[in-house]
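As a plain string of letters, each chain reads:
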Amino acid sequence: RDVAYGRLPKRARSELHGRCAGWVSLLPGAEDLVEIVAFHLESSCTLARELGPGAPPAPLWPAAEALALAAQKAERREGTAEADRFFARALDLVGEEQSEAVAELRLRRSRTLTGLGRSKEAIEVLGRVADEAVALGRRDLRGHALVGLANVTQKLGRPTEARGFLTEAGAIAIEVADPRLQVRTAYESGEIRADFEGDVE
């Protein structure tokens, strides 16, 4: 098998990985095979990138979305480290592109970094998302990034900094009428009052 695969030109390999992903996606119970779909789409992209100019179109976003779905699946079974690896691979594929989809992907990865206790990296990613959200005109996205920053900084024992993030996030939540952001802001504010002000109720 490996010898046969090695004899295929990279262009053919890239195309066949893409076709294989499409075939697996149509199988019964394909939602349980998302990691296989992600692997083949990612392989197709990697090979296309190695070919350089003139390469067949790479399925970058389908691959990134499949990797993100695999990450979500890992999160559901509490495989936080595995989920983070899937998110990192998805972001590696799409590169430094500045778009709403990439910023949202970074926001999702920040949660796995926080869960793994990689606070410094989480703060860097969340700060970047918050800044990019301004350029993209996504106030809601900035609000969610600020709540994430509040969560990490309060865990690091920096309540004053966390309160500042929550003040802005709360204003954004009301401005954009985002109920989920309002709830997250209220919850984090309650955590700070309980942990640092003794208001356990």
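The structure displayed is predicted, hence computed values, not measured ones.

Caption draft 1: Region of the structure containing the overall build of the protein chain. Looking only at helices and strands, the protein chain has 10 helices and 0 strands in total. Ordered by position from N to C terminus, the α and β elements of the protein chain give α-α-α-α-α-α-α-α-α-α. Based on the C-alpha atoms only, the size of the protein chain along its principal axes is roughly 65 × 35 × 30 Å. Among the 201 residues that make up the protein chain, the fraction classed as buried is 42%. In the protein chain, 55% of the contacts between residues at least 6 apart in sequence involve partners at least 24 apart.

Caption draft 2: Highlighting the confidence of the model for the protein chain. Taken over all residues, the pLDDT of the protein chain has a mean of 93, while the share at 70 or more is 100%. By mean pLDDT, helix α1 (residues 2-7) is the weakest element of the protein chain at 92, and helix α8 (residues 139-155) is the strongest at 96.

Caption draft 3: Here's a closer look at helix α6 (residues 100-115). Counted at 1.5 Å a residue, the expected span for α6 with its 16 residues is 22 Å, and the 23 Å between its end C-alpha atoms agrees. When α6 is considered as a whole, its buried residues turn out to be Val102, Ala103, Leu105, Arg106, Leu107, Arg109, Ser110, Thr112, Leu113 and Thr114. On its buried side, α6 packs onto α4 (60-76), α5 (80-94), α7 (119-136) and α8. In the stretch just after α6, Gly117 is the one whose phi turns positive, near 75°.

Caption draft 4: Structural detail: the environment of Glu75. By the secondary structure assignment, Glu75 is in helix α4. With 84 residues separating them along the chain, Glu75 and Pro159 place their C-alpha atoms 28 Å apart. Residues contacting Glu75, with those up to four places away along its chain left out, are Ala83, Phe87 and Thr112.

Thresholds applied
Residues numbered from 1 in each chain as written. Predicted model: local features only at pLDDT ≥ 70, side-chain atom pairs only at ≥ 80, totals over all residues. Heavy atoms only, no water. Helix = DSSP H or I, 4+ residues; strand = E, 2+ residues; numbered from the N terminus. Buried < 20%, exposed > 50% of the residue type's maximum accessible area, 1.4 Å probe, protein only. Contact = heavy atoms within 4.5 Å. pLDDT = per-residue confidence, 0-100. Expected span 1.5 Å × (residues − 1).

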